[in-house]
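Understanding the architecture of this molecule
The residues making up each chain are set out below.
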Amino acid sequence: MTSLEARTQNEDSGPGGYAAARLLLLHEKERSGPPRRAALARLTDDWLAALFAAATPPRGTALVAVGGYGRAELSPRSDLDLLLLHDGTADKAAVAALADRIWYPVWDLGMALDHSVRTPAEARTTAGEDLKVQLGLLDARHVAGDTGLVAALRTTVLADWRNQAPKRLPELDELCRERAERMGELQFLLEPDLKEARGGLRDAQVLRAVAASWLADAPREGLDAARRRLLDARDALHLATGRATDRLALQEQDAVARELGLLDADTLLREVYEAARVISYATDVTWREVNRVLKARSARPRLRSLLGGRNGGAKAAGRTGGARVGGAKPPVERTPLAEGVVEMDGEVVLALAAKPERDPVLPLRAAAAAAQSGLPISLHAVRRLAAAAKPLPVPWPAEAREELVTLLGAGEATVPVWEALEAEGLVTRLLPDWERVRCRPQRNPVHTWTVDRHLVETAVRASSLTRRVGRPDLLLVAALLHDIGKGWPGDHSVAGETIARDLATRIGFDRTDVGVIATAVRHHLLLVETATRRDLDDPATVQSVAAAVGTLGTLELLHALTEADALATGPAAWSSWRASLVADLVKRVAGVLAGEPLPDPEAAAPSAEQERLAIEALRTGEPVLALRTRTEQPAAPDAPDADTPEPVGVELLIALPDQPGVLPAVAGVLALHRLTVRAADLRAVDLPTGIGAGSGAVLVLDWRVAAEYGSLPEAARLRADLVRALDGSLDIPARLAEREAAYPRRRGLTAPPPRVTVAAADSRLATVIEVRAQDAPGLLHRIGRALEGAEVRVRSAHVSTLGANAVDTLYVTRPDGSLLPDEEAVDLARALEAALR
């Protein structure tokens, strides 16, 4: 007994004495983790036992801790789960009075309490009806009162659980699946729920319950340590926030990391993810074993029935040379899958004659066979491979390289097999640089996965695109390695190129193939960033991409990798619009690489539609608008619906006599009508005199827009508001400010300041300015106003939005159409940045 606990026993058993001792315990820096949780449970036991004794309890009553309190795992703000157990002989009023003498002091301290009053029979009945109650009773622990009553309840509850396991475990499995669907995977969430998300504390409790059923057991290696790590994180979260919460919110992570003595929030998340991964893998293995056992049990009665019962089974056994069929296990079938690898009982296992200590390719061969067969690789097989397999020589032999490519090309079936290899450390042994990206969080909310899982998911997506490239093996390996540089400081594409070159050499590719993989990793963002942020009509744009890519083969590989990377990132990273822009860029670059000349954008004539609108605007002296949906063919010609055009956005054409303030006026009107701008092209069209009220230049704006939600507004309404914006009767800044005031930002979310730079684009048409800022309604309107004030002309604008971040690229010139000198361009960037702040 510690001095603190002894002191508590000598103090008043009321709430004040317990609260003071509890506060002292929680602030003891030298005691944390399991010792503090156990000490807090003992302290609480002593207090509740004193309350129980002071109430003069009737005979045949006991106070029982259940759930987390029953396991003596009290976090600083944990609920108290208590059961007042009685044998039914005491007066009901006396039992109720006893309950009040215990519950009310707990409530007086402001502690959450989950309480019940039951007889053993009632507890068993409730447990039979409510699975959550039964799980809590599995951890029942005596606190005060009749110990025999509690022991008898524990014995009967455990017996009931084991007897009913074949029926209740499938129900528990379904509850776990529903919870995982609702709460997500803890190991990938930026703000995970440490208890309810898949791989969290609730799943660890479920694994204990499965083990208590005696039907199956979880892999124990690392499981207790993972559970302790999550409990420690929850303790720190409670202390940092002062609240009973299990959600590790972004704004709390730095404080929680400090409480745990960790370097930063990323280190915290990585530790949490690693723990969740251990629990998730143990969960997968355990439920697979449960289902296998239940399936085998259900098959035996049917087999006995087919053989005519036990006697018929015995006779059959005699005729088959003594094999036990009727009353024991049916013969096990082993189906060969690859050299040294067989399927048995729905899993991939090693053949009896396999010699992993002499066969360094066996881990990859077994993994590839499992993925290609769509089967899990057994826990025993993976552990034997991890313990006994001989390291691969460097560079790898051709067979090992081919098995890796086969594994990566298996599609969705690759993921669980890769996770099995990862759980036993085989991936890091094969690819040493993998350790730096393993469980590494990605704080951009656009990303769905951690870095390592994103790499695997990209390979999965790439596997469906292999028919579009001449070298599927290079595509799959480049997909696996494209973000490998995120484990190192600096630009991850630059670092990744070096790492990918080393790993590709290690895997056994020749010098030419290594160069292609390294180029793909270095430039895996080139196509999508260029297509969405640069003017594709500018020859310098296309020529710079062609110079970086080098060959048509690398271009097609990079095109497929771009799509796979975006699809594996998350739903916000890819769309028909992005796909059409990338496809357009690839087509133009392919032409350059094939020796075709690029058209001169200055010489390009306006389209018939643009000329018609320009003539109408010149004739009337007012804006003219046209809205139409744009469609493109799917990027993949072999897709099932390749003949069906896909919508890629709405084209808004506006023509009006050239005048100041056009860009901010149009951008503001579009923002007021909740239209998201994706791209804008501005050009002056010179028309002959005598067409209408005026003559000369007409400004034609070609916008790509999308409705934020709902349907598109009518062109007539857009035109009316544009006229009012241009003549000053519509105050756009005031209207946008009203909207922003109506929807205040969430507390705790502080956006980084905007950043404006002069991009090195080598364009001979315009100076390129790049704006990175928090996305918000009217952002392009504010940019346009600042540019108007700087007296520069906007040639085109290209808007890219990922999550809450906007990257707007502006092609600007002086009023006479010339490029801005370097110093003038830098001054413009600074002025624009200041205006946006």
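Overview of the structure. All values derive from a computational prediction rather than experimental measurement.

**Observations regarding the sheet that holds strand β1 (residues 61–65)**
Neighbouring strands of a sheet are bound in pairs by backbone hydrogen bonds; such pairs are parallel or else antiparallel. As summarised here, the arrangement of the four strands in space is β3-β2-β1-β4, forming an open sheet in which the pairing is mixed. Every other strand in the sheet has two partners, leaving β3 (113–118) and β4 (141–145) as the edge strands with one partner each. Along the sheet, successive strands turn relative to each other by an average axial angle of 25°, direction set aside. Here four bridges tie β1 to β4, and the two strands are oriented antiparallel to one another. Looking at the pairing, L63 lines up with A144 of β4. The sheet strands contacting helix α3 (residues 33–54) are β1, β2 (80–86) and β4, and the helix crosses β4 at an angle near 35°. Taken strand by strand, helix α8 (residues 147–183) contacts β1, β2 and β4, and its axis lies near 105° from that of β2.

**Quick word on helix α21 (residues 492–507)**
Here α21 spans 21 Å end to end across 16 residues, near enough to the 22 Å set by a 1.5 Å rise per residue. Of the residues making up α21, those classed as buried are H492, S493, A495, G496, I499, A500, L503, A504 and I507. Regarding α21, its N-cap is D491, as a side-chain oxygen of that residue lies 2.8 Å from the backbone nitrogen of S493 further along. Positioned one or two residues after α21, G508 has a phi angle of 110°, which is positive.

**What to know about the pattern of salt bridges**
Summed over the entire model, instances satisfying the criterion amount to 54 salt bridges. In this structure, E824 and R814 form a salt bridge, with 2.8 Å as the shortest nitrogen-oxygen distance. Highlighted residues: E824 in helix α32 (residues 822–836) and R814 in the loop between β15 (805–813) and α32, separated in sequence by 10 residues. When its relative accessible area of 31% is taken as the criterion, R814 is described as partly exposed. In this structure, a network of salt bridges that share partners links the residues R71, E73, D139, R208 and R227.

**Comments concerning the side chain of T532**
When you line up the elements, T532 lands in helix α23 (residues 526–533). Separated by 2.7 Å, the side chain of T532 and the backbone oxygen of V528 make a polar contact. Those residues within four positions of T532 in sequence are excluded, and the remaining contacts are W577, R578, L581, H798, V799 and S800.

**Digging into the sheet that holds strand β5 (residues 334–338)**
Strand order in the open sheet formed by three strands is β5-β6-β7, and the pairing between neighbours is antiparallel. Each end of this open sheet is capped by a strand with a single partner; those strands are β5 and β7 (347–350). This sheet shows a mean twist of 40° between the axes of neighbouring strands, independent of strand direction. Pairing geometry for strand β6 (residues 341–344) and β7, over four bridges, is antiparallel. Bridge pairing links E343 to V348 in β7.

**Let's talk about the pairing of β15**
Of all nine residues making up β15, eight are buried, and the element is well covered by its neighbours. As judged from the eight bridges shared by strand β13 (residues 767–774) and β15, these two strands associate in the antiparallel manner. Among the inter-strand pairings, V771 is bridged to a residue of β15, identified as D808. Sheet topology places strand β14 (residues 793–802) next to β15; nine bridges connect them, and they run antiparallel. Directly across from V799, in β15, lies its bridge partner D808.

**Concerning unusual backbone geometry**
Residues V394 and P395 are joined by a peptide bond in cis, for which omega reads 0°. Note on placement: P395 falls in the loop between α15 (379–388) and α16 (398–408). With phi around 60°, A72 is a residue other than glycine that occupies positive phi space. Take A72: it is sitting in the loop between α4 (67–70) and β2. Residue A72 is classed as partly exposed on the basis of its relative accessible area of 26%.

**Focus on the packing of helix α25 (residues 552–569) against helix α26 (residues 576–593)**
Where α25 meets α26, the closest approach of the two axes is 10 Å, and the angle between their N-to-C directions is 175°. If you check the angle between α25 and α26, you find them roughly antiparallel. Contact residues: L552, L555 and H559 in α25; V582, A583, V586, V589, A590 and L593 in α26.

**Observations concerning the nonpolar core**
In terms of nonpolar packing, the biggest core is built from 94 residues, with W396, W418, L431 and W434 touching the most fellow members. If sequence neighbours within four positions are ignored, W418 has contacts with L404, L407, L408, V427, L431, W434, V456 and L480. In this structure, A667, V677, A680 and A773 belong to the second largest nonpolar core, which totals 49 residues.

**Brief notes about the side chain of T809**
Among the secondary structure elements, T809 is positioned in strand β15. Of note is the side chain of T809, whose polar atom sits 3.4 Å from the side chain of R534. If we ignore the near neighbours within four places in the chain, the residues touching T809 are R533, R534, V768, I769, E770, S796, A797 and H798.

What counts and what doesn't
- Residues numbered from 1 in each chain as written.
- Predicted model: local features only at pLDDT ≥ 70, side-chain atom pairs only at ≥ 80, totals over all residues.
- Heavy atoms only, no water.
- Pairing = 2+ DSSP bridges.
- Helix = DSSP H or I, 4+ residues; strand = E, 2+ residues; numbered from the N terminus.
- Axes fitted to C-alpha atoms, helices over the stretch in contact; angles between N-to-C directions.
- Contact = heavy atoms within 4.5 Å.
- Expected span 1.5 Å × (residues − 1).
- Buried < 20%, exposed > 50% of the residue type's maximum accessible area, 1.4 Å probe, protein only.
- Polar contact = N/O pair within 3.5 Å; in protein donor to acceptor, adjacent residues only side chain to side chain.
- Salt bridge = Lys/Arg side-chain N within 4 Å of Asp/Glu carboxyl O.
- Parallel < 35°, antiparallel > 145°, perpendicular 65-115°, else oblique.
- Core = buried A, V, L, I, M, F, W, Y, C linked by side-chain atoms within 4.5 Å.

The values are spatial; any link to function lies outside them.
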